[in-house]
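Residue-level structural notes
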Amino acid sequence: MLTRFRDRREAGRVLAQELAAYARRPDVVVLALPRGGVPVAYEVARALGAPLDVFLVRKLGVPGHEELAMGAVATGGVRVLNDQVVRALGIPPDVIDMVAAWEQQELARRERLYRGDRPPPDVKGRTVVLVDDGLATGATMRAALAALRQQQPARRVVAVPTAAAQTCDALRTEADDVVCATTPEPFDAVGFWYEDFSQTTDDEVRELLDRAARADRAA
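Our subject in this report is the structure included herewith. (Residues numbered from 1 in each chain as written. Predicted model: local features only at pLDDT ≥ 70, side-chain atom pairs only at ≥ 80, totals over all residues. Heavy atoms only, no water.)

**Quick notes on the pattern of salt bridges**
Per the stated rule, a full pass over the model turns up 18 salt bridges. A salt bridge links E43 to R13; the shortest N-O distance between them is 3.6 Å. Pair noted here: E43 is in helix α2 (residues 37–48) and R13 is in helix α1 (residues 8–18), with a separation of 30 residues, a long-range link. With relative accessibility at 3%, the residue E43 sits in the buried group. A salt bridge links R206 to D203; the shortest N-O distance between them is 2.2 Å. (Salt bridge = Lys/Arg side-chain N within 4 Å of Asp/Glu carboxyl O. Helix = DSSP H or I, 4+ residues; strand = E, 2+ residues; numbered from the N terminus. Buried < 20%, exposed > 50% of the residue type's maximum accessible area, 1.4 Å probe, protein only.)

**Thoughts on the sheet that holds strand β6 (residues 127–131)**
Here five strands make up an open sheet; going across it, the order is β2-β1-β6-β7-β8 and the pairing parallel. Of all strands in the sheet, those bounded by a partner on one side alone are β2 (52–54) and β8 (177–182). Within this sheet the neighbouring strands show an average axis-to-axis angle of 25°, counted without direction. As defined by bridge partners, strand β1 (residues 28–32) adjoins β2 across three bridges and the pair is classed as parallel. Counterpart to L31 in the pairing with β2 is D53. Packing of α1 onto the sheet brings it into contact with β6, β7 (155–162) and β8, and relative to β8 it is tilted by some 130°. (Pairing = 2+ DSSP bridges. Axes fitted to C-alpha atoms, helices over the stretch in contact; angles between N-to-C directions. Contact = heavy atoms within 4.5 Å.)

**A look at the environment of F5**
Relative to the helices and strands, F5 is located in the segment before α1. Sequence-wise, F5 and G90 are 85 residues apart; in three dimensions their C-alpha atoms are separated by 45 Å. Those residues within four positions of F5 in sequence are excluded, and the remaining contacts are E10, A11, V14, P161, T162, T182, W193, Y194 and E195.

**With respect to the sheet that holds strand β4 (residues 65–74)**
Pairing within the open sheet is antiparallel, and its three strands lie in the order β3-β4-β5. Both outer strands of the open sheet, β3 (57–62) and β5 (78–81), are each paired with one neighbouring strand and no more. Averaged over all adjacent pairs, the angle separating strand axes in this sheet is 40°, with direction ignored. With six bridges joining them, β3 and β4 adopt antiparallel strand pairing. Its bridge partner being in β4, R58 is matched across the sheet by V73. Together, β3, β4 and β5 form the strand contacts of helix α4 (residues 93–115), whose direction differs from that of β3 by roughly 155°.

**Some points on the nonpolar core**
Formed by 46 residues in total, the largest nonpolar core has its most connected members in L15, L19, V30, L52, M70, V129 and V131. Residues in contact with L15, not counting those within four places in the same chain, are V40, V44, V131, A159, V160, P161, V179 and A181. F55, V57, V78 and V178 belong to the second largest nonpolar core, which has 27 residues in total. (Core = buried A, V, L, I, M, F, W, Y, C linked by side-chain atoms within 4.5 Å.)

**Things to note about the side chain of D132**
By the secondary structure assignment, D132 is in the loop between β6 and α5 (139–149). Look at D132: it is buried, it has no salt bridge, and the nearest opposite charge is R8 at 6.9 Å. Excluding anything up to four places from it in sequence, D132 contacts L33, G36, G37, V40, M141, A159, V160 and P161. (Lys, Arg positive; Asp, Glu negative; His and termini not counted.)

**Examining the environment of E66**
Take E66: it is sitting in strand β4. Exposure remark for E66: the relative accessible area of 47% places this residue in the partly exposed category. The sequence separation of E66 and V179 amounts to 113 residues, and the corresponding C-alpha distance is 30 Å. Residue contacts for E66: discarding those within four places in its chain leaves K59 and G61.

See the structure below:
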């Protein structure tokens with residue numbers, strides 16, 4: 001039986017070992033999916049010698065059925081739609097625009113909270129390592145990959161400490177590289193594989209991003 005990670009920071013250190021091929025490369029940037037992905041990504045970025053930032057994604061839920069995603073908005077003003085859902089339900093453009101405007105406001109609020117006055121990273125032509133604390137269904141990561149594609153990175157790399165094996169396999173058709181440090185079976189849930197899976201706070205996110213930015217400037 002696989003042992004659990006003590007916490008997200010330890011998970012990040014383990015994951016970083018699996019990403020050694022991306023270490024000390026000037027084209028690499030590590031982007032975390034907040035909030036739980038940030039402590040993991042902090043350790044990854046530190047080990048790889050790469051800059052760290054966040055990549056925020058907000059699902060666009062179908063009105064009245066918010067759990068069903070008709071698309072997503074993401075960092076950098078990116079919007080992607082699930083055309084299949086939109087067509088099947090006959091969702092009019094003004095409804096999509098209304099939901100997108102609301103979620104874009106919330107995304108912008110979180111951007112300000114986490115990044116302050118720092119501009120979003122320019123990822124065009126770069127290798128982006130997208131990090132979260134784990135993958136169950138992978139829905140959020142899929143939205144992030146779709147949104148990131150529009151910013152024209154050279155490579156999109158998914159990296160997580162733990163995931164359901166079938167989710168990792170499915171993502172290989174959407175990302176250029178998928179690194180899942182552990183794929184325990186049965187998977188159950190991401191939190192099961194952490195001894196401490198307490199919620200990452202906004203303050204912790206800001207502190208780790210600030211610490212990483214200071215280290216990057218000093219390098």
